Amino acid sequence: MASLKFLGRIIVAWVAALCVMLVVWSGTGWNRGEFPWIFTLAWFVGLLVALARGVTHLYRVRVIAGRVDAETVSNRQRRRVEVPYPADEAFAIVDEVIRELPHVQDVSGARGGLQLRAVIRSQANEQPRRRARPQWQASLDRHTRISATITPTDGSSSVMFVCEPDSGAWTDWFNPDGGASLECVETLVRATTQRLSERRNRERADVRQTAMEKELTAAQLGLLQAQVEPHFLYNTLASAQELVRTDPARADRMLGYLIDYLRRSLPRTDGSLSTLGEELERSAAWLEIMRLRMGERLTVHTDVPTESLKVPMPSMMLQTLVENAIKHGLEPKPGGGGIWIRAGVDGSGLSLTVADDGMGFRSDGAGTGIGLKNLRERLRLMYGSAATFSIGNNFPHGVAATITLPVTGVVEHA
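Reading the values: the criteria
Residues numbered from 1 in each chain as written. Predicted model: local features only at pLDDT ≥ 70, side-chain atom pairs only at ≥ 80, totals over all residues. Heavy atoms only, no water. Helix = DSSP H or I, 4+ residues; strand = E, 2+ residues; numbered from the N terminus. Expected span 1.5 Å × (residues − 1). Buried < 20%, exposed > 50% of the residue type's maximum accessible area, 1.4 Å probe, protein only. pLDDT = per-residue confidence, 0-100. Contact = heavy atoms within 4.5 Å. Core = buried A, V, L, I, M, F, W, Y, C linked by side-chain atoms within 4.5 Å. Phe/Tyr/Trp six-rings, centres within 6.5 Å; stacked < 30°, edge-to-face > 60°. Lys NZ or Arg CZ within 6 Å of the ring centre and 35° of its normal. Patch = residues over 30% accessible without salt bridge, like charges linked within 9 Å, V, L, I, M, F, W, Y side chains within 5 Å. Areas by Shrake-Rupley, 256 points an atom, 1.4 Å probe, with all protein chains shown as cover. Salt bridge = Lys/Arg side-chain N within 4 Å of Asp/Glu carboxyl O. Pairing = 2+ DSSP bridges.

1. Observations regarding helix α3 (residues 87-99)
Alright, step 1. Over its 13 residues, α3 extends 18 Å from the first C-alpha to the last, a length consistent with the 18 Å expected when each residue adds 1.5 Å.
Alright, step 2. Those residues of α3 not exposed but buried are Ala87, Ala90, Phe91, Ile93, Val94, Asp95, Val97 and Ile98.

2. Re the confidence of the model for the protein
Alright, step 1. Averaged over all residues, the pLDDT of the protein equals 81, while 84% of them reach at least 70.
Alright, step 2. Taken together, the stretch residues 125-130 has pLDDT below 50 and engages in 5 contacts with residues farther than four places along the chain or on a different chain.
Alright, step 3. Counted against residues more than four places away or in other chains, residues 135-140, with its pLDDT under 50, gives 4 contacts.

3. Structural notes on helix α1 (residues 2-26)
Alright, step 1. With 25 residues, α1 extends 36 Å between its outermost C-alpha atoms, agreeing within 8% with the 36 Å of an ideal straight helix rising 1.5 Å per residue.
Alright, step 2. Taken together, the buried positions of α1 are occupied by Phe6, Ile10, Ala13, Trp14, Leu18 and Trp25.
Alright, step 3. Structurally, α1 contributes buried residues whose contacts are with α2 (37-65).

4. Digging into the nonpolar core
Alright, step 1. In this structure, Ile98, Ile146, Phe161 and Leu188 are the most contacted members of the largest nonpolar core, which totals 39 residues.
Alright, step 2. The element that contributes the greatest number of residues to this core is α3, accounting for 7 residues.
Alright, step 3. Leaving out residues up to four positions away in the same chain, Leu188 has contacts with Val97, Ile98, Leu101, Ile146, Phe161 and Cys163.
Alright, step 4. Core analysis: the next-biggest nonpolar cluster, separate from the first, contains 36 residues, Met316, Ile341, Tyr383 and Phe389 among them.

5. Looking at the packing of aromatic side chains
Alright, step 1. A complete count under the given rule lists 0 aromatic pairs for this structure.
Alright, step 2. The aromatic ring of Tyr85 is capped on one face by Arg199, whose charged end is 4.3 Å from the ring centroid.

6. With respect to a nonpolar patch on the surface
Alright, step 1. Together, Met21, Trp37, Ile38, Phe39, Leu41 and Val45 make up an exposed nonpolar region whose accessible area comes to about 580 Å².
Alright, step 2. In terms of residues, the nonpolar patch owes the most to one element, α2, which gives 5 residues.
Alright, step 3. As for its placement among the helices and strands, Trp37 is situated in helix α2.
Alright, step 4. A relative accessible area of 65% means that Trp37 is categorised as exposed.

7. What to know about the pattern of salt bridges
Alright, step 1. Per the counting criterion, the structure on display carries 16 salt bridges.
Alright, step 2. Taking the shortest distance from any N to any O, the salt bridge between Asp69 and Arg67 comes out at 2.7 Å.
Alright, step 3. Taking the relative accessible area as the measure of exposure, Asp69 reaches 22% and is therefore partly exposed.
Alright, step 4. Arg67 sits in the partly exposed class, given a relative accessible area of 35%.
Alright, step 5. As a salt-bridge pair, Arg282 and Glu279 come within 2.6 Å of each other at their nearest N and O atoms. Here Arg282 and its partner Glu279 are both found in helix α8 (residues 276-294), 3 residues apart, which amounts to about one turn of the helix.
Alright, step 6. Taken together, the shared-partner salt bridges in this structure form one network comprising Arg67, Asp69, Glu71, Arg79 and Glu186.

8. Brief notes about the pairing of strand β9 (residues 337-346)
Alright, step 1. Summarising the sheet, strand β7 (residues 298-303) and β9 pair through 6 bridges and their orientation is parallel. Following the sheet pairing, Leu298 is matched in β9 by Gly337.
Alright, step 2. By the bridge criterion, 8 bridges tie β9 to strand β10 (residues 349-356) in an arrangement that is antiparallel. Residue pairing in the sheet places Ile341 in a bridge with Val354 of β10.
Alright, step 3. Counting the residues that bridge the hairpin from β9 to β10 gives 2 residues.

Below, the structure written as structure tokens:
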């Protein structure tokens, strides 16, 4: 029924045009003779061409849309697509889709006005010059104008595509566009939908990748944190066992500090950060054990402001620096020495330094370096480039190691 109405509309339009021609002819001074047969022939040929184009139009409409109705047979097509992104991102997506259309030209857009316009050249005009079409036939071809308007909503956007011939609406009655506007608007809708689908797939893949990276990072952090020197525990228990026979009071204090140290060394199940105050208490318990073992050979100096005790930081990092200072700096030194723990908070973050006046950097290759390597890796995984670690000579003797952390805590690191 829609096909018959469409063809009937073309016939009515051409009959109306013939009537207008007759009225104009009779209203002029040229009505002494009959209506020229050449005009009648031209009208009849035009009607046949229009009907032929109408049949072609209906055929292409059925092929493209799978149906023929009042909406699909129209020369001027409108489609709305909902885009789940802000207007700026929707504008970029629509701009890419339009520019990828075949035979597109004169693409122009006003990002501030959220509008895009373009023209699709008639494919007939793309034929080689040696097969140029007659002028009268080429005049029947029309380009297709495209306009896209993005309307922002709450967190998303709505895109209205309009495809229409570049001639006046009155010509639609005489010259169907052969389904060009329908094909164009359907292509825009499909391409936009595909682009949105690809983007959502990438976002889901990024989310899965980020989740996997976070799980891997957590596993790596757990592994690095678990690499605690086991000899400390064995040596402390051996020392306590010996002191039980010679000095039970010192053995009791050593076991008490050991229990306090182990209790504070339990891993956090929620993966949250520790604080400088908690890490200082852990290291203080460890240093008390070492003072019981080393006696007067070890002195401890602490300079940590009260306001910095609640600053968040990863667990066991301060402990690593303290252990290195004792193990590589003071234990091998005859007569021992001192260790200094200093901290400060300013606009750049937390600065934490552990220094000793021990043996300094040794040329005999003592130590494997795994502790500092793990410390650097944990800083990289948790803070990216926002945290720094430096180690150097302490004047006049020993080594000084400094960690600088952002006060805001862990940053997202991809």
